[in-house]
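Close look at the chain arrangement
Spelled out, the chains give:
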Amino acid sequence: MKYLSVEALDTLPGKRIRAGENFSFSCHGGLSCFNVCCRNLNLYLYPYDVLMLCKALNLSSDDFLDRHTDVVMRTGEFFPEVLLRMADNEEKTCPFLTDQGCSVYSHRPDTCRTFPVEQGTLFGPDGKVAETVAFFRPPDFCMGRHESRVWTLDSWAADQEAEKFNRMTREWGFVRGLFAENPWGSEGFYGRKGKMAFMAAYHADLFRSFVFGSSFFKRYKIHPDLKRKLKKDDVSLLRFGFDWIRHSVWGMDVKSLQLKK
């Protein structure tokens, strides 16, 4: 998901698609470009993507991030991006691409499900998130864009079982968008607070250990039902992590946790 200003919309390639509008596309093994799009990618992984890929590969979040990602802090930004590391071969294929296709297809990332649509979070003049926008943007080599099957954004998301992925990416987008400003001060992102925020977003196993293995519950009031969910439900833990970032980094009041008096 890209983070956009209103002014940037008119400069972006591709056709903007609004709710209810149509686009034509189909991807299948009969196309000459089949699986070509799974090579040499800058594939952003969002927190829910990492959660699902860990499940598919039976890896801890720590192992997955170490083996399969590059964590990149771009100039002028204040929170890193997590990119899938391509295989070390001539074509730099996706590491999960096999001769039979995608080996993690049922757990594939949001970007793969949404393709050939790209989504972005639009910020208004006040710097706050205004809406999610979508563009039809297949690469030039893609033959699927010449197919006749017609979709809307909603029907395509339903076909690709992308609704939950899209929703979780939007939720992360609201949090990630806060980092348009620098919250770290002289300590920088690589200080204690930045590392904690990254852990809450991407290191589910470490974050759960922090919540249950520290003095966390002595300092915060957490509803007993939520506490039970945090112990076993990774999605609840991830959403709680988003709340923790809002609270611990930005000082926001959130319903899920309150300091004990």
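Residues numbered from 1 in each chain as written. Predicted model: local features only at pLDDT ≥ 70, side-chain atom pairs only at ≥ 80, totals over all residues. Heavy atoms only, no water.

The chain appears in an unreviewed UniProt entry as YkgJ family cysteine cluster protein from Desulfobotulus pelophilus.

1. What about the packing of aromatic side chains?
Counted under the stated rule, the structure contains 28 aromatic pairs. On the basis of an interplanar angle of 90 degrees and a centroid distance of 5.5 Å, the ring pair of F25 and W156 is categorised as edge-to-face. Within this pair, whereas F25 is found in the loop between β3 (23-24) and α1 (47-57), its partner W156 is found in helix α4 (residues 153-159), the two being separated by 131 residues in sequence. Relative accessible area serves as the criterion here: at 1%, F25 is assigned to the buried category. Taking the relative accessible area as the measure of exposure, W156 reaches 7% and is therefore buried. Their ring planes at 50 degrees and their centres at 5.9 Å tell us that F210 and W244 sit as a pair that is tilted. One end of the pair, F210, is in helix α7 (residues 204-213); the other, W244, is in helix α10 (residues 234-250), with 34 residues separating them in the sequence. Members of the aromatic cluster, each reached through a chain of ring pairs, are F79, W172, F179, W184, F189, Y190, F198, Y202, F242 and W250. Sitting above the plane of the Y105 ring, R108 keeps its charged end 3.8 Å from the centroid. Lying across the ring of F165, R113 places its NZ or CZ 3.9 Å from the centre. (Phe/Tyr/Trp six-rings, centres within 6.5 Å; stacked < 30°, edge-to-face > 60°. Helix = DSSP H or I, 4+ residues; strand = E, 2+ residues; numbered from the N terminus. Buried < 20%, exposed > 50% of the residue type's maximum accessible area, 1.4 Å probe, protein only. Lys NZ or Arg CZ within 6 Å of the ring centre and 35° of its normal.)

2. Quick look at the packing of helix α6 (residues 192-202) against α10
Two elements in contact, α6 and α10, have axes separated by 8 Å at closest approach and are oriented at 160 degrees. Classified by the interaxial angle, the pair formed by α6 and α10 is roughly antiparallel. Note on packing geometry: the crossing formed by α6 with α10 is left-handed. Facing K193, M196, A197, A200 and A201 of α6, the residues of α10 in contact are L238, G241, W244, I245, S248 and V249. (Axes fitted to C-alpha atoms, helices over the stretch in contact; angles between N-to-C directions. Parallel < 35°, antiparallel > 145°, perpendicular 65-115°, else oblique. Left-handed = near helix turned anticlockwise from the far one by under 90°. Contact = heavy atoms within 4.5 Å.)

3. Some details on the pattern of salt bridges
What the rule picks out here adds up to nine salt bridges. With a shortest N-O distance of 3.1 Å, R85 and D70 are connected by a salt bridge. Here the residue R85 occupies a position in the loop between β5 (81-84) and β6 (97-98), and D70 occupies one in strand β4 (residues 69-72), the gap between them amounting to 15 residues. Here R176 and E77 are joined by a salt bridge, their closest N and O atoms 3.1 Å apart. Separated by 99 residues along the polypeptide, R176 in helix α5 (residues 163-176) and E77 in the loop between β4 and β5 bring together distant segments of the chain. A relative accessible area of 5% places R176 in the buried class. Among the ionic contacts, a cluster of salt bridges with common partners joins E77, E81 and R176. (Salt bridge = Lys/Arg side-chain N within 4 Å of Asp/Glu carboxyl O.)

4. Considering the layout of surface pockets
Within this model, the second largest pocket holds a volume of roughly 400 Å³. Every residue lining the second largest pocket is counted, 22 residues in all, and those nearest its centre are Q119, L153, D154, N166 and R170. The class makeup of the residues in the lining of the second largest pocket is ten nonpolar, four polar and eight charged. (1 Å grid on protein atoms, 1.4 Å probe; cavity = no way out; pocket = protein on both sides within 12 Å on 5 of 7 lines; lining within 4 Å. Points joined across faces, edges and corners; volume = space filled by probe spheres on them. Nonpolar A, V, L, I, M, F, W, Y, C, P; charged D, E, K, R; others polar.)

5. Side note on a negative patch on the surface
Together, D62, D63, D66 and D205 line one region of the surface with negative charge. The element best represented in the negative patch is helix α2 (residues 61-68), accounting for three residues. Here D205 lies in helix α7. Taking the relative accessible area as the measure of exposure, D205 reaches 34% and is therefore partly exposed. (Patch = residues over 30% accessible without salt bridge, like charges linked within 9 Å, V, L, I, M, F, W, Y side chains within 5 Å. Areas by Shrake-Rupley, 256 points an atom, 1.4 Å probe, with all protein chains shown as cover. Lys, Arg positive; Asp, Glu negative; His and termini not counted. Charge placed at Lys NZ, Arg CZ, Asp CG, Glu CD.)

6. What to know about the side chain of N166
Looking at the secondary structure, you find N166 in helix α5. Reaching out from N166, the side chain makes a polar contact with the side chain of T114 at a distance of 3.3 Å. (Polar contact = N/O pair within 3.5 Å; in protein donor to acceptor, adjacent residues only side chain to side chain.)

7. Describing empty space enclosed by the protein
Overall, the coordinates contain two cavities of 30 Å³ or more when judged by the stated rule. Its volume calculated, the second largest cavity comes out at about 60 Å³. Every residue lining the second largest cavity is listed: F25, C27, L31, C33, F34, N35, C37, F115, F141, C142 and G144. Looking at the lining of the second largest cavity residue by residue, the classes come out as nine nonpolar, two polar and no charged.

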